[in-house]
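Results of the structural survey
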Amino acid sequence: MSGRHAAPRRVEPRRPARRRAASRTAPRPTRPWTPVVVALVGALGLVGGLGTQAYWNDVETVSGATVTSGSLDLLVEGQQSYTWTALDLANIAPGESTAKVLTLNNAGTTPFTVSITASATASDVALRDAMRVTVVPAGTVNQTSAVYPRAQSCTGTASFGPAALTSSATTVLSQSVTVDPWGSLTICVRLQLDLSAANETQSDTYTPTFTLTATQVTP
Amino acid sequence: MRRAVTVGVIATVMLAGTSPAAGTWSDSATVTGKSVTAGMLEAPVLGCEPSGLGSKVSWTPSTVPTALTYTAQLLSPSSPLSITSSSVTVTPTLLDGLLGGLLGSTVTVRVTASLPGTSWTVSSDRVLHYRLILVVPTVSCT
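Residues numbered from 1 in each chain as written. Chains lettered and ligands numbered in written order. Predicted model: local features only at pLDDT ≥ 70, side-chain atom pairs only at ≥ 80, totals over all residues. Heavy atoms only, no water.

Now for the overall build of chain A. Counting its secondary structure elements, chain A contains three helices and 12 strands. Considering chain A as a whole, with its 219 residues, one finds that 32% of them fall into the buried category. Pairs at least 24 residues apart make up 83% of the contacts formed inside chain A by residues separated by at least 6 positions. Carbon and sulfur atoms form 55% of the exposed surface of chain A, whose accessible area is close to 13,800 Å². (Helix = DSSP H or I, 4+ residues; strand = E, 2+ residues; numbered from the N terminus. Buried < 20%, exposed > 50% of the residue type's maximum accessible area, 1.4 Å probe, protein only. Contact = heavy atoms within 4.5 Å. Areas by Shrake-Rupley, 256 points an atom, 1.4 Å probe, with all protein chains shown as cover.)

Written out as structure tokens, the structure reads:
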């Protein structure tokens, strides 16, 4: 053996030239752990994103004003149930009549229309049939005679009558008049004993009843 | 497709028609009238007094509610009587013609008051006796 020994050369397997030239510019081959790195970065990103949700925030509560519903309240002469003592004529005789005005009030906050039904009872049906009833919305009383035959009438256009009431409810005023809140409506009612009232009607009693219904005006 | 649209339209119309009524407020009040009492005519109060051989039935005219009109008649047999100054006089001569001289009978005088122009009336009766008193036919109050 000589003293000059050449270092052993690393012998690499020969590769095709074309392959070697391409390796200078192409990225190195992907290593197996690359997806793991990407996942970690993504996870960190997410963690970072979560961190942004911890930014300061504030919540305010707004309480609205208390909303109170309105009301619909019909009163007759200031009362819910009213005995109409004024509608009377002592010892009424055939041909005589009496008329009085009733005041309805809207004590609520809602406009309404009014309808009225009426019925009557009598100690003798002959008197009930002989009593003629007239209803005039917004009517006023007109007295034409204070002595026999005493006579009063209602001025205005009648919504009912003159006609007899029965024991069944009869509509004497339909829903045609609107009463605004705190407003009022007058109703004139006339009772007249017909001249043809039978003899047996003497000293009998007659009682009319009126039922008033207020219905909210549809907005 | 057309059927479905029709059904939908009908349902919408029904809903629209019912919803306002369902939400409408109402209130009611009752008014009871005072009992109206019809009047009553005053029944004539009949007085009776001798008038010759007969009897005179009288009364005070009523003016409530206005001046009443009066009629008088005999009952059984029915016969009108003439009124003079709120009275009628029943004589034996009258009854003899009506009763044929049937002494011992009673007759009833009815006086009726009427409210002019109406059907209202009221009546009162008075019974008279037709008999012999001292052999003379007489109409007496008792």
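Continuing now.
The next subject is the state of the cysteines. Structurally, a disulfide amounts to a covalent bond that connects the sulfur atoms of two cysteines. Counting across every chain of the model gives two disulfides over all chains. Two residues, cysteine 154 of chain A and cysteine 188 of chain A, share a disulfide whose sulfurs are 2.0 Å apart. The sign of the S-S torsion, about -75°, decides the handedness of the disulfide formed by cysteine 154 of chain A and cysteine 188 of chain A: left-handed. Of this pair, cysteine 154 of chain A sits in strand S7 (residues 151–155) while cysteine 188 of chain A sits in strand S11 (residues 184–193), and the two are 34 residues apart along the sequence. Across the pair, cysteine 188 of chain A and cysteine 154 of chain A agree in class, each one buried. A disulfide bridge connects cysteine 48 of chain B with cysteine 141 of chain B, and the sulfur atoms are separated by 1.8 Å. Residues cysteine 48 of chain B and cysteine 141 of chain B are joined through a disulfide that is left-handed, its torsion about the S-S bond being -80°. Here the residue cysteine 48 of chain B occupies a position in strand S3 (residues 47–51), and cysteine 141 of chain B occupies one in the segment after strand S10 (136–140), the gap between them amounting to 93 residues. (Disulfide = S-S within 2.5 Å.)

All told, the structure shown has five salt bridges over all chains when counted by the stated rule. For lysine 34 of chain B, the salt bridge goes to aspartate 88 of chain A, with nearest N and O atoms at 3.1 Å. Here lysine 34 of chain B, found in the loop between strand S1 (26–33) and strand S2 (36–37), pairs with aspartate 88 of chain A, found in the loop between strand S2 (81–84) and strand S3 (97–106), and the two come from separate chains. Ionic pairing is found between arginine 110 of chain B and aspartate 125 of chain B, a salt bridge with its closest N-O pair at 2.8 Å. Taken together, the positions of arginine 110 of chain B in strand S8 (residues 105–114) and aspartate 125 of chain B in strand S9 (residues 121–133) put the pair 15 residues apart, joining distant regions of the chain. When its relative accessible area of 28% is taken as the criterion, arginine 110 of chain B is described as partly exposed. We classify aspartate 125 of chain B as partly exposed; its relative accessible area is 41%. (Salt bridge = Lys/Arg side-chain N within 4 Å of Asp/Glu carboxyl O.)

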